[in-house]
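# Report on the structure
If you want the building blocks of each chain, they are given just below.
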Amino acid sequence: MTVGDAYGRLLLDALEPGTEPGTEPGERLEIVERDDGLIMASRLGPDAYFAPFRRWPARQRRAMRLARGRILDVGTGAGRVPLHLQERGLEVVAIDNSPGAVETARRRGVRDARLLRAEQVGPALGRFDTVVMFGNNLGLLGGVEHGRRLLRRLGRIASPGARILGETLDPYTTDDELHLAYHERNRRRGRLGGQLRIRVRYRQLATPWFDYLFLSREELEELVEGTGWRLVDTLEDEPPMYVAVLERG
């Protein structure tokens, strides 16, 4: 196993001629490994990352009605969000920490795709009216303290009344003993129950380990206190998934 851009390689392979997303799922199997040894595999990854707007989940399509002004897409992946918003005539800056993802987005026609981590956003990017974090990317909050720092950083580039449209899931709807045990293990360590330590694997590659946060609405409300953002709505169609709508105070 080699540490590298597993996620980006997956996306680039899905662009290869003759291998359209979904045609040979065994060849593009995305693996998520959790630090307790749990392995989760999905053959639907490439299909979701390249999906046209009409095939997005209803919660995401509803949330797009709230996107306005100049938009920052955090964790753009294959660029489906900026491609849709560009069609609507909106200005979008797309960022991702995966070189392969940025290259994929550019090849697909995203006009402004940049290799940048969420923690690196700053005034040089300009001001934004909407921040989109789809594909569970509200999970990039990572944890309570890291999440609050990231929200404050986003606040510094947000226009008055700006919105964050962030997707996540409520981890506490499960009755799976393996997940329940992981929640308890987290709490003993002073972490939120849904705080994951994971890495993405694809073929011979694996990303570095990173924290990823799933949280309930109540936990999200508590986390955003004092950051300048407030939770004003949640959009839900397939529990436990939901899109949180945060507004700048």
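Heads up: these notes are all about the structure in this document. None of these values were measured; they are calculated from a predicted model. (Residues numbered from 1 in each chain as written. Predicted model: local features only at pLDDT ≥ 70, side-chain atom pairs only at ≥ 80, totals over all residues. Heavy atoms only, no water.)

### Observations concerning the environment of Asp96
- Secondary-structure assignment places Asp96 in strand β5 (residues 92-96).
- A relative accessible area of 6% means that Asp96 is categorised as buried.
- A sequence separation of 66 residues divides Asp96 from Glu30, and the C-alpha atoms of the two residues are 18 Å apart. (Helix = DSSP H or I, 4+ residues; strand = E, 2+ residues; numbered from the N terminus. Buried < 20%, exposed > 50% of the residue type's maximum accessible area, 1.4 Å probe, protein only.)

### Some words on unusual backbone geometry
- The step from Pro239 to Pro240 runs through a cis peptide bond, and the omega angle for that step is 15°.
- Inspection of the secondary structure puts Pro240 in the loop between β12 (229-235) and β13 (241-248).
- Of note, Asn136 is a non-glycine position whose phi angle comes to about 65°, a positive value.
- With respect to the helices and strands, the residue Asn136 is situated in the loop between β7 (128-133) and α6 (144-155).

### Observations regarding the packing of aromatic side chains
- Summed over all chains, the structure comprises five aromatic pairs.
- Their ring planes at 85° and their centres at 5.3 Å tell us that Tyr7 and Tyr49 sit as a pair that is edge-to-face. Here Tyr7, found in helix α1 (residues 6-14), pairs with Tyr49, found in helix α2 (residues 45-49); they are 42 residues apart in sequence, far enough to count as distant.
- Judged by relative accessible area, Tyr7 falls into the buried class, the value being 17%.
- Exposure remark for Tyr49: the relative accessible area of 21% places this residue in the partly exposed category.
- Summarising the aromatic geometry, the rings of Trp56 and Phe134 are spaced 6.3 Å apart at their centres and angled 85° between planes, so their arrangement reads as edge-to-face. Pair noted here: Trp56 is in the loop between α2 and α3 (58-64) and Phe134 is in the loop between β7 and α6, with a separation of 78 residues, a long-range link. Like Trp56, the residue Phe134 is buried in the burial classification.
- Linked through ring pairs, Phe53, Trp56 and Phe134 together constitute an aromatic cluster.
- Residue placement shows Arg34 over the ring face of Tyr182; its charged tip is 4.0 Å from the ring centre. (Phe/Tyr/Trp six-rings, centres within 6.5 Å; stacked < 30°, edge-to-face > 60°. Lys NZ or Arg CZ within 6 Å of the ring centre and 35° of its normal.)

### A look at the pattern of salt bridges
- Scanning the entire structure with this criterion turns up 19 salt bridges.
- Residue Asp211 pairs with Arg191 through a salt bridge whose shortest N-O separation is 3.1 Å. Placement of the pair is Asp211 in strand β11 (residues 210-213) and Arg191 in the loop between α7 (177-188) and β9 (195-202), with a sequence separation of 20 residues.
- A relative accessible area of 25% places Asp211 in the partly exposed class.
- A relative accessible area of 23% means that Arg191 is categorised as partly exposed.
- Here Glu236 makes a salt bridge to Arg217, at a shortest N to O gap of 2.5 Å. Linking Glu236 in the loop between β12 and β13 with Arg217 in helix α8 (residues 217-224), this pair joins segments that are 19 residues apart in sequence.
- Judged by relative accessible area, Glu236 falls into the partly exposed class, the value being 36%.
- Taken together, the shared-partner salt bridges in this structure form one network comprising Glu33, Arg199 and Arg201. (Salt bridge = Lys/Arg side-chain N within 4 Å of Asp/Glu carboxyl O.)

Distances and angles like these do not, on their own, reveal function.
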